[in-house]
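# What the coordinates show
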Amino acid sequence: MKNSIYQKLFSDYSFNNDQLKNRMVLAPMTRSRANEDGVPTDMMSLYYQQRASAGLEITEATQISLQSQGYAKTPGIYNQDQVNAWKKVTKAVHEKGGEIFVQLWHVGRVGSEKVNGLQPLAPSALKANKTSVYVFEGDNRDATFVDVDVPKEMSQDEIDTTIIDFRKAARNAIEAGFDGVEIHGANGYLIDQFLRSNANKRSDKYGGSKENRARFLLEVTQAVVDEIGAEKVGVRLSPFIMFKDMDDPEILDTIMYAVPYLDRMGITYLHLCEADWDDAPQVSDQFRIDLRKEFHQTIIATGNMTPEKAENLLEKDWIDLAGFGRKFISNPDYPQRVLHNAPLQEITDTHTLFGGRDERGYTDYPSLY
């Protein structure tokens, strides 16, 4: 029996010159199933195909260069082997009628030489306190967490190179068959580090005022828009996230300064990554109202999302799409289960969330439909 209480959530939606079959988004979640060279595996093709009943899928964070990698066995999209492997993923999703964007990622200071052999780069040479990344050592299938390194402050040449890397990665994404890209400007990674006054202590045109701290985000986005077209570009931001030593009292003002510029670029969506722990700061109604006034394309919200919360936000027209994460891990057909009020499966083994040699905890959760 279909659940009739989620009328908005299961309505179709015009997006990216296409029609989404529902308003549910598979949120980006790092799962570390690529090989040691960042090449997506066949398991990943099946994983994303299984979840193609989402209106839109956004892939796990995907590094734009070797320098940008922060965790072991995460995928890249900066060489031909990676692009060719991603083609299998996008083909598998499109065969099921799905739409899929790839999330483009540079971790900045959230990295370690133990992962990629390189010193991390960041806006300033400030280590992120109480922050770790993971590696896989020997035959141990479980992730081993290691402290991040002190980063090197980026030179202008390194900033320019990174912007070019984002642009090339976007071009590679379209070659790989993706419907678009999401620029990862959230969760304490490189772009977010530039935005925040406590992580960015630069004295040049990229630091100091909110206008300067927003410059890197806007330059990256413009470069990607110029490369593949604004209708294929989304941006993810996290104004209420404080982990990875990123608690900045100025972040809301900085983001709200940047949003009208993103709006004028015509990007296809803005993706809010909202805090998802129990005592996290709540997103105010006024912030959502103000954001809607400043940004006129699609707004996605992800974080502690439930179908009930999504329906409420959609009815108020504060968002257009709703992102869901962990429920999609153990319920590959999550939209259909919600629609039919079917029982949900729980994650059976948290050790398989990051990494794994086989399908256990990844593609072996059964579908009902």
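Above this note sits the structure.
Residues numbered from 1 in each chain as written. Predicted model: local features only at pLDDT ≥ 70, side-chain atom pairs only at ≥ 80, totals over all residues. Heavy atoms only, no water.

### Considering the packing of aromatic side chains
What counts, and what does not: The pairing test for Phe, Tyr and Trp rings, Trp by its six-membered ring, is centres within 6.5 Å, and the orientation test on the planes gives stacked under 30 degrees, edge-to-face over 60, and tilted for anything in between. Each helix corresponds to a stretch of at least 4 residues labelled H or I by DSSP, and each strand to a stretch of at least 2 residues labelled E; elements are numbered beginning at the N terminus. Residue burial is assigned from relative accessible area. The probe radius is 1.4 Å, only protein chains are included, and a residue is buried under 20% of its type maximum, exposed over 50%, and partly exposed in between. The rule is short: NZ of Lys or CZ of Arg within 6 Å of the ring centre and within 35 degrees of the ring normal puts a charge over the ring.
Enumeration according to the criterion identifies 18 aromatic pairs in this entry. Summarising the aromatic geometry, the rings of Phe-194 and Phe-216 are spaced 4.3 Å apart at their centres and angled 25° between planes, so their arrangement reads as stacked. A residue pair is termed long-range when its members are at least 10 positions apart, and Phe-194 in helix H5 (residues 190–195) and Phe-216 in helix H7 (residues 215–228) qualify at 22 residues. As far as burial versus exposure is concerned, Phe-194 and Phe-216 are alike and both buried. Here a set of aromatic residues connected by ring pairs shows up, and it is made of Tyr-71, Trp-105, Tyr-134, Phe-136, Phe-145, Tyr-189 and Phe-354. Over the face of the ring belonging to Phe-136 we find Lys-73, whose NZ or CZ atom lies 5.2 Å from the ring centre. Lying over the aromatic face of Tyr-261, Arg-264 brings its terminal NZ or CZ to 4.7 Å of the ring centre.

### With respect to the pairing of strand S12 (residues 269–273)
Side-chain positions along a regular strand alternate between the two faces of the sheet. Formally: Think of it this way: DSSP has to see at least two bridges between two strands before they count as a pair. Place the viewer so that the strands point away; then a crossover is right-handed whenever the path from the first strand over the helix to the second strand goes clockwise.
For S12, a buried count of five out of five residues is recorded, marking the element as mostly surrounded by other parts of the structure. Burial along S12 is two-sided: the residues Tyr-269, His-271 and Cys-273 and Leu-270 and Leu-272 are all buried. Strand direction decides the pairing type here: strand S11 (residues 233–237) and S12, joined by four bridges, are parallel. Paired with Gly-234 across the strands is Tyr-269, a residue of S12. A crossover connection joins S11 to the parallel S12 through helix H8 (residues 251–265); in handedness this β-α-β unit is right-handed. Pairing analysis gives five bridges linking S12 to strand S13 (residues 298–302), with the strands arranged parallel. In the strand pairing of S13, Tyr-269 is matched with Thr-298.

### Concerning the pairing of strand S14 (residues 321–324)
A two-sided burial pattern is seen for S14, the buried positions comprising Leu-321 and Gly-323 on one face and Ala-322 and Phe-324 on the other. With three bridges connecting them, strand S3 (residues 24–26) and S14 associate as parallel partners. Pairing of Met-24 across the sheet is with Ala-322, part of S14. In this structure, S13 lies alongside S14, joined through three bridges in parallel fashion. The residue of S14 that forms the bridge with Ile-300 is Leu-321.

### Observations concerning unusual backbone geometry
Of note, Ser-32 is a non-glycine position whose phi angle comes to about 55°, a positive value. Secondary-structure assignment places Ser-32 in the loop between S3 and helix H1 (42–50). By relative accessible area, Ser-32 is classed as buried at 1%.

Everything listed here is a matter of geometry and, on its own, says nothing about what the molecule does.
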